[in-house]
Amino acid sequence: MKKGIFFGFLFFALAVFIASPYTAHSQLKPGEPIVLGVPTALGSIEGRDGLMAINMARDEINAKGGVLVGKTKHKIEVYSIDTREHEPGIPVHDALTAAEKLILEKKPHAIVLGNFRSEVLLATMDLISKYKLPYICCIAMTPLLQKKVSEEYDKYKYVFRNCLNAPQLATYLGGVMGSIRKEFGLTNKAYIMTQDVLWAKGTGMGLQGWLKQNGWEVVAFDTYATGSSDFSPSLIKVRAQNAQVIVPIFDMPQSGILLKQARAMQIPAMLVGFISPVACENAWKVFEGEVEGMINMVYEVGPIPVKGVPKSVAFNENYGKRYGQKARTELSGHGPGPSYDAVYIMANAIERAKTVEPDALVKALEQTDMQGVTGRIKFGKDHQVVYGFDPKETALGVGFQWVKPGKRIVVFPEGVAEAKIQLPPYMK
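Structure report, in brief.

Cut-offs applied
- Residues numbered from 1 in each chain as written.
- Predicted model: local features only at pLDDT ≥ 70, side-chain atom pairs only at ≥ 80, totals over all residues.
- Heavy atoms only, no water.
- Phe/Tyr/Trp six-rings, centres within 6.5 Å; stacked < 30°, edge-to-face > 60°.
- Helix = DSSP H or I, 4+ residues; strand = E, 2+ residues; numbered from the N terminus.
- Buried < 20%, exposed > 50% of the residue type's maximum accessible area, 1.4 Å probe, protein only.
- Expected span 1.5 Å × (residues − 1).
- Contact = heavy atoms within 4.5 Å.
- Arc of directions from axis to C-beta.

Applying the stated criterion across every chain, the model contains 15 aromatic pairs. Residues Tyr-172 and Phe-412 carry aromatic rings whose centres are separated by 6.4 Å and whose planes lie at 80° to one another, so their mutual orientation is edge-to-face. Of this pair, Tyr-172 sits in helix α7 (residues 166-184) while Phe-412 sits in strand β18 (residues 407-412), and the two are 240 residues apart along the sequence. In this structure Tyr-172 comes out as buried when scored by relative accessible area, which is 1%. Plain terms: the ring middles of Phe-400 and Trp-402 are 5.7 Å apart, the flat faces sit at 80° to each other, and that makes the pair edge-to-face. Among the residues examined, Phe-400 registers a relative accessible area of 0% and is labelled buried. Residue classification places Trp-402 among the buried positions, given a relative accessible area of 0%. Grouped by ring-pair contacts, the aromatic residues Phe-315, Tyr-319, Tyr-323, Tyr-340 and Tyr-344 constitute a single cluster.

We now examine helix α12 (residues 310-323). In an α-helix, one full turn covers 3.6 residues, which means residues spaced three or four apart are oriented alike. The terminal C-alpha atoms of α12, which comprises 14 residues, lie 20 Å apart, in line with the 20 Å expected from a rise of 1.5 Å per residue. Turning to α12, the residues buried within the fold contact α2 (45-63), α13 (325-329) and α14 (336-353).

Further remarks concern helix α9 (residues 232-240). Of all the residues in α9, the buried ones are Ser-232, Ser-234, Leu-235 and Val-238. End-on view of α9: buried residues confined to an arc of 155°, all on one side of the axis. Away from its buried face, by an angle of more than 90 degrees, α9 presents the exposed residues Ile-236 and Ala-240. Taken together, the buried residues of α9 touch β8 (189-195), β9 (217-224), β10 (245-250) and α10 (256-264). Once α9 finishes, Asn-242 follows within two positions and takes phi at roughly 60°, a positive value.

Following this line, the structure appears as structure tokens:
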């Protein structure tokens, strides 16, 4: 009888152990490192640069002894895995499997950088809830993250985001469009072209609503599948409908072909938006000057230094010293700044919480108020960092224009602008 009870209890305990998800330790032992997991699309320029920025922040903190937790300091260790979610045709499930593999094998105390694609982020939120891991998203932009946190706080409270989101990008683009129309008196016709992914379409839809409310006519809204390389059908329609502003919103490497096709076809329209490979400082050389006149967004400062945000200048310089000037000129316009900041945000929260216990860390993250590479960092109740136009009050994204002889000049917002917007030579 006693033997049966013993084995019954043993099988019950084993079942509970198997059914229970891994949860990061709540207490650190002396000398034990703080482990940060980085599951992301390492083959994308944003994921690549984000991880490099994270490693730079880790090394800076470790060089000072690490993170003070109570009375002892702990070094940071970073482990990454490639989710491949930026590649065409990769199922969401594959990205989730990679993230769970990292969690189970490396047992991180928190996740930074995280998902590249918004569709994967939304699925990952359930995985994060399962393992109760504080998570700071630095790339994926869907506002549905905030909706899920707000509506099911107890389930999704572990998820935060410190990069720009799609509605905030639409607000910035709307501001640039307003400045252009006021300055140059262009026709009120705009042509929107986006990648056929959640964040890009969401940004385009938000901007379309703003444009219509502010006297613009959106003559078309075209979407292109990830991996597309021919944008001429839309460019032909741009000319036919006399649209003087094209708004491209793409993060795929092939999107640079759009700009080259527009120049080859001599389309008389300004390009205002985001073409991922055009955001880098080396784009003038890569595109042989064909970027001239385009206004491209840098979603979060850092990859472009802004005098009004001293830490963005220091980040840019230090990144070049750490990885070389070639790597600095290749910095992507979305992700590196927030990725670097995320390590400091997490370290700061751990020091204030005096523990890595997940719920205590969530509360500390919610109380974050610090100056970072991206400006002032404060999370809203929906766990989204607030972006605006004054880096002393909010985080900051900027619009810059390519001008001869190959310079990126910040032209928006007005408070940090280095020059006024210029009409491109092909439109004069």
